Amino acid sequence: MPKTNPYAAGAAGRCPVCGEGFLFEGFLKVAPRCEACGYDLSKLESGDGAATFVILIAGALCAFGALFSMFAWNWPAWLLLLVWLPLTLLACLILMRPAKGLMVAAQIANKASEAGRDDV
């Protein structure tokens, strides 16, 4: 059986351990357990990390596009808002699931665990 790349599997929404089971239960909720290999996914949580990266990436792309549209084609403010606000929302929604999958996969690949009272 070939070794699964946890990052590719996580970005695709698959279990980073086996690459076969679903990582998500719904849009962004991590499944409690992999249906294929039985790995316990309930202890994995990406927090706000994925949202931070998505906001920075989508915001930079859409801000550049809006500024380019404003200066190159002299679009009025209402047209900029009409075009670029929905595109920003769409970019964030498209990037969020793969980004969260990558964050969860990074936890598994690096064998990360939550710090407890004994770690201090």
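Residues numbered from 1 in each chain as written. Predicted model: local features only at pLDDT ≥ 70, side-chain atom pairs only at ≥ 80, totals over all residues. Heavy atoms only, no water.

The protein chain is annotated in an unreviewed UniProt entry as DUF983 domain-containing protein of Caulobacter radicis. Listed under Subcellular location (unreviewed entry) in UniProt, the entry text for the protein chain is "Cell membrane". (UniProt positions renumbered as here; feature names shortened; annotations may be inferred.)

Per the stated rule, a full pass over the model turns up three aromatic pairs. Each ring, one from Phe 68 and one from Trp 73, has its centre 5.2 Å from the other, and the planes form 90 degrees; the classification is edge-to-face. Taken together through their ring pairs, the aromatic side chains of Phe 64, Phe 68, Trp 73 and Trp 75 make up a single cluster. (Phe/Tyr/Trp six-rings, centres within 6.5 Å; stacked < 30°, edge-to-face > 60°.)

Looking at where Gly 49 falls in the secondary structure, it is placed in helix 2 (residues 49-72). With a relative accessible area of 18%, Gly 49 lands in the buried category. (Helix = DSSP H or I, 4+ residues; strand = E, 2+ residues; numbered from the N terminus. Buried < 20%, exposed > 50% of the residue type's maximum accessible area, 1.4 Å probe, protein only.)

With the rule as written, the count across this model stands at two salt bridges. Across the pair Glu 25 and Lys 29 runs a salt bridge, and its minimum N-O distance is 3.3 Å. Here Lys 100 makes a salt bridge to Glu 45, at a shortest N to O gap of 3.8 Å. In this pair, Lys 100 sits in helix 3 (residues 77-109) while Glu 45 sits in the loop between helix 1 (6-11) and helix 2, placing the two residues 55 residues apart along the sequence. Judged by its relative accessible area of 48%, Glu 45 falls in the partly exposed class. (Salt bridge = Lys/Arg side-chain N within 4 Å of Asp/Glu carboxyl O.)

This paragraph deals with helix 2. Between its first and last C-alpha atoms helix 2 spans 34 Å; for 24 residues at 1.5 Å apiece the expected length is 34 Å, and the two agree. All of the buried residues in helix 2 are Gly 49, Ala 50, Val 54, Ala 58, Cys 62, Gly 65 and Ser 69. Structurally, helix 2 contributes buried residues whose contacts are with helix 3. Downstream of helix 2 by a residue or two, Asn 74 has a phi angle that is positive, lying close to 55 degrees. (Expected span 1.5 Å × (residues − 1). Contact = heavy atoms within 4.5 Å.)

A few words now on the UniProt feature "transmembrane region" (unreviewed entry) in the protein chain. Here, UniProt's "transmembrane region" (unreviewed entry) annotation points to residues 50-71 and 77-96. The span residues 50-71 shows a helical share of 100% and a strand share of 0%, and its end C-alpha atoms are spaced 31 Å apart.

Our focus in this paragraph is a nonpolar patch on the surface. Taken together, the side chains of Phe 53, Ile 57, Leu 61, Leu 87, Leu 90, Ile 94 and Leu 95 define a hydrophobic patch exposed on the protein surface, amounting to about 660 Å² of accessible area. At the level of secondary structure, the elements contributing two or more residues to the nonpolar patch comprise helix 2 and helix 3. For the nonpolar patch, the element with the most residues is helix 3, which contributes four residues. (Patch = residues over 30% accessible without salt bridge, like charges linked within 9 Å, V, L, I, M, F, W, Y side chains within 5 Å. Areas by Shrake-Rupley, 256 points an atom, 1.4 Å probe, with all protein chains shown as cover.)

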